[in-house]
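Coordinate analysis (summary)
Residues per chain, in single letters:
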Amino acid sequence: MSRLCVVGTGHVGLVYGVAFALAGHSVVGVDVNATAIRTLQKGKPTFFEPGLEAALKRALKSKKVTFSEDIRAGARDAAVVFLCVGTPSRPDGSINTSYLKDAAATVGEGMRAASRYQVIAVKSTVIPGTTEGVVRPALEKASGKAAGQHFGLCVNPEFLREGSALEDATKPDRIVIGALDSRSARALRAVYRGQRSPRLATDLRTSEMIKYATNAFLATKVSFANELANLCDAFGGINVDAVVEGMGLDPRINPRFLKAGLGFGGSCFPKDVRALAAAGRARGYESRLLRSVLELNDRQPLRAIELAEQAVGSLAGKRVAILGLSFKGGSDDVRESRAIPLAKALLERGATVVGHDPEANGAFRTEVPAVETAPDVKSALARADVCIVHNDWPQWRALKAADFSGMNRKVVVDGRRILNRSAMKGVTLFVLGG
Ligand code: UDX
């Protein structure tokens, strides 16, 4: 079992830190955010993720995981250091690698005092060439050591989905290890010794690209499904789920990740597709496909408004309820949630907007303060002229016509194709994608 240091205790770092600890490694999670560290030391995750709090408490109790602000000491004592800091978007879509560079420099300072060979693995999502061009020089400069000689370097992308992140970390569908050399790869393989998942060994840049290619392809699948839903609506009388079922029987296609809706959100897809497109552009290649995927995603929330206007005409002065504010059901995360542009577009049209989400009301109000939030479905729907279902919390499936009885006009737009149609008698229901 190895001694590991995880730098950055956000979604990726914390989940991996806990997962590695429960697999038997000794892990220190480090972060510049002192408040987050204190919260984690008390066994409280800093975000909502099913099963994580219990897992964190177990890991703390076993003393296999600790948390500290001392990044240098954490890096000094570890055999493998995972860089899990954020790479946020810049206004032009490209990624800001300054946190990563700073983290690498601090880790490098810690490595100065280490006498043994160490491996630094980049888990942050970075454009091909970043590990060699940004991380490596920062580590070498700060440590006074040479990559490939005194320390190893790897790219080890994560594929965690919010809502099932712990399982994705402990039973991944693949482990991708991009390495500077075979010695680095060997050290990282040892960390995953207990896992049976298929492995792929590549160089650094290929692994960096695999992460982007994966998210860009999945986002393309979602935009394709949304395009198909819009086409089904244009034809009329065609149910997009039945079409996807028929397509999905072709093993070259498969039906997963083709669920139509109001667009993809979250911390990864929009940011990663924009970053890949921007990086291509910076190198003289304009990706028409990625541009279309993004354009479609920007337009898709407006489809709900078009459907609502078909029913009630102008939305000015109307009260519109949005059910589901987080980017997907099961999450409290509103980052890039399509409910944000949806609410803003409704407000621009002069509607009064009230939203409800089981977990994301507070976060959403911070994003769009002009939206009222309601503590439950009943109060969200009271006196509303239109209800738009935006995300896929499982509880929406159980809604019945009676739940909409407090509405002024019972017009419901199901933007997620989640409502039980047979339970909607007396409701004017518009389902995106037929
Ligand atoms: C995603 C990737 O799945 C994960 O591998 C990566 O590491 C991070 O990004 P996550 O952001 O948690 O994970 O969400 P995911 O479940 O993939 O959904 C992304 C968005 O696409 C959501 O807004 C979701 O509602 C939407 N989506 C997904 C669809 O609209 N239809 C689908 O069929 C699938």
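Just so it is clear, the structure is predicted and the values come from calculations on it, not from any experiment.

Points about the nonpolar core
Counting residues in each nonpolar core, the largest one holds 42 residues, and the members touching the most others are Val 7, Val 81, Leu 83, Val 107, Ile 120, Val 135 and Leu 139. When residues in this core are grouped by element, the largest group, 6 residues, is from helix α11 (residues 269-282). Apart from the residues within four sequence positions on either side, Leu 83 is in contact with Val 7, Leu 100, Ala 103, Ala 104, Val 107, Ile 120, Ala 121, Val 122, Lys 123, Ser 124 and Val 135. Among the nonpolar cores identified, the runner-up in size contains 38 residues, and Phe 20, Phe 47, Ala 59 and Phe 82 belong to it.

Some thoughts on the site of the ligand
The environment of the ligand is made up of 18 residues, and the closest members are Glu 162, Lys 259, Gly 265, Lys 328 and Arg 416. Here Arg 416 contributes a side-chain N or O atom positioned 2.9 Å from an oxygen atom of the ligand. Alone, the ligand offers 660 Å² of accessible surface; in the complex the protein occludes 93% of this. Tallying contributions element by element places helix α9 (residues 204-235) first for the shell around the ligand, with 3 residues. Considering only residue class, the shell around the ligand consists of 9 nonpolar, 2 polar and 7 charged.

Overview of the packing of aromatic side chains
Taken as a whole and judged by the stated rule, the model has 5 aromatic pairs. Counting every residue linked through ring pairs, the aromatic cluster contains Tyr 16, Phe 20, Phe 82 and Tyr 192. The ring of Phe 159 carries Arg 174 above its face, with NZ or CZ at 3.6 Å from the centroid. For the cation-ring pair, Arg 183 lies above Tyr 117, with the distance from its terminal atom to the ring centre recorded as 3.5 Å.

Digging into the packing of helix α6 (residues 130-143) against α9
Remark: α6 packs on α9, axes separated minimally by 9 Å, with the N-to-C direction vectors making an angle of 110°. With respect to their mutual orientation, α6 and α9 come out roughly perpendicular. Residues Thr 130, Thr 131 and Glu 132 of α6 form the contact with α9, whose participating residues are Leu 204, Arg 205 and Glu 208. Residues that form the contact of α6 with α9 fall into these classes: 1 nonpolar, 2 polar and 3 charged.

Here's the deal with helix α13 (residues 339-348)
Those residues of α13 lying buried are Ala 339, Ile 340, Leu 342, Ala 343, Ala 345 and Leu 346. Structurally, α13 contributes buried residues whose contacts are with α12 (288-312), β9 (319-323), β10 (352-356), α14 (361-367) and β12 (386-389). Looking one or two residues past α13, Gly 350 carries a phi angle of roughly 90°, positive in sign.

Overview of the side chain of Asn 215
Secondary-structure assignment places Asn 215 in helix α9. Residue Asn 215 is classed as buried on the basis of its relative accessible area, which comes to 7%. With sequence-adjacent residues up to four places away left out, Asn 215 is seen in contact with Cys 268, Phe 269, Asp 272 and Val 273.

Some points on the sheet that holds strand β11 (residues 372-373)
With parallel pairing, 6 strands are arranged side by side in an open sheet as β11-β10-β9-β12-β13-β14. Both edges of this open sheet fall to β11 and β14 (428-431), since each of them pairs with a single strand only. α12 rests against β12, β13 (411-414) and β14 of the sheet, and its axis sits at about 155° to β13. Where α13 meets the sheet, it contacts β9, β10 and β12, and its direction lies at approximately 180° from that of β9.

Here we look at a positive patch on the surface
On the surface, Arg 183, Arg 186, Arg 189 and Arg 199 cluster together into a patch of positive charge. The element contributing the most residues to the positive patch is helix α8 (residues 182-191), with 3 residues.

Section: the sheet that holds strand β1 (residues 3-7)
Read across the sheet, 8 strands follow the order β3-β2-β1-β4-β5-β6-β7-β8 without closing on themselves; strand pairing throughout is mixed. In this open sheet, the two edge strands, each paired with only one partner strand, are β3 (65-68) and β8 (199-202). Direction aside, neighbouring strands of the sheet carry axes that sit 25° apart on average. Across 2 bridges, strand β6 (residues 151-155) lies against strand β7 (residues 175-179) in antiparallel orientation.

A closer look at the pairing of β10
Most of β10 is tucked away, with 4 of its 5 residues classed as buried. Here β9 runs beside β10; their pairing, made up of 5 bridges, is parallel. Bridge pairing in β10 links Ile 322 to Gly 355. Relative to β11, β10 is paired through 2 bridges, and the arrangement is parallel.

Focus on the environment of Val 28
Of note, Val 28 is situated in strand β2 (residues 26-30). Residue classification places Val 28 among the buried positions, given a relative accessible area of 16%. Val 28 sits 10 residues away from Val 18 along the chain, and the two C-alpha atoms are 9.6 Å apart. In contact with Val 28, other than residues within four places in its own chain, are Leu 4, Cys 5, Val 6, Thr 66, Ser 68 and Gly 74.

Procedures and definitions
- Residues numbered from 1 in each chain as written.
- Predicted model: local features only at pLDDT ≥ 70, side-chain atom pairs only at ≥ 80, totals over all residues.
- Heavy atoms only, no water.
- Core = buried A, V, L, I, M, F, W, Y, C linked by side-chain atoms within 4.5 Å.
- Buried < 20%, exposed > 50% of the residue type's maximum accessible area, 1.4 Å probe, protein only.
- Helix = DSSP H or I, 4+ residues; strand = E, 2+ residues; numbered from the N terminus.
- Contact = heavy atoms within 4.5 Å.
- Near = heavy atom within 4 Å.
- Polar contact = N/O pair within 3.5 Å; in protein donor to acceptor, adjacent residues only side chain to side chain.
- Areas by Shrake-Rupley, 256 points an atom, 1.4 Å probe, with all protein chains shown as cover.
- Nonpolar A, V, L, I, M, F, W, Y, C, P; charged D, E, K, R; others polar.
- Phe/Tyr/Trp six-rings, centres within 6.5 Å; stacked < 30°, edge-to-face > 60°.
- Lys NZ or Arg CZ within 6 Å of the ring centre and 35° of its normal.
- Axes fitted to C-alpha atoms, helices over the stretch in contact; angles between N-to-C directions.
- Parallel < 35°, antiparallel > 145°, perpendicular 65-115°, else oblique.
- Pairing = 2+ DSSP bridges.
- Patch = residues over 30% accessible without salt bridge, like charges linked within 9 Å, V, L, I, M, F, W, Y side chains within 5 Å.
- Salt bridge = Lys/Arg side-chain N within 4 Å of Asp/Glu carboxyl O.
- Lys, Arg positive; Asp, Glu negative; His and termini not counted.
- Charge placed at Lys NZ, Arg CZ, Asp CG, Glu CD.

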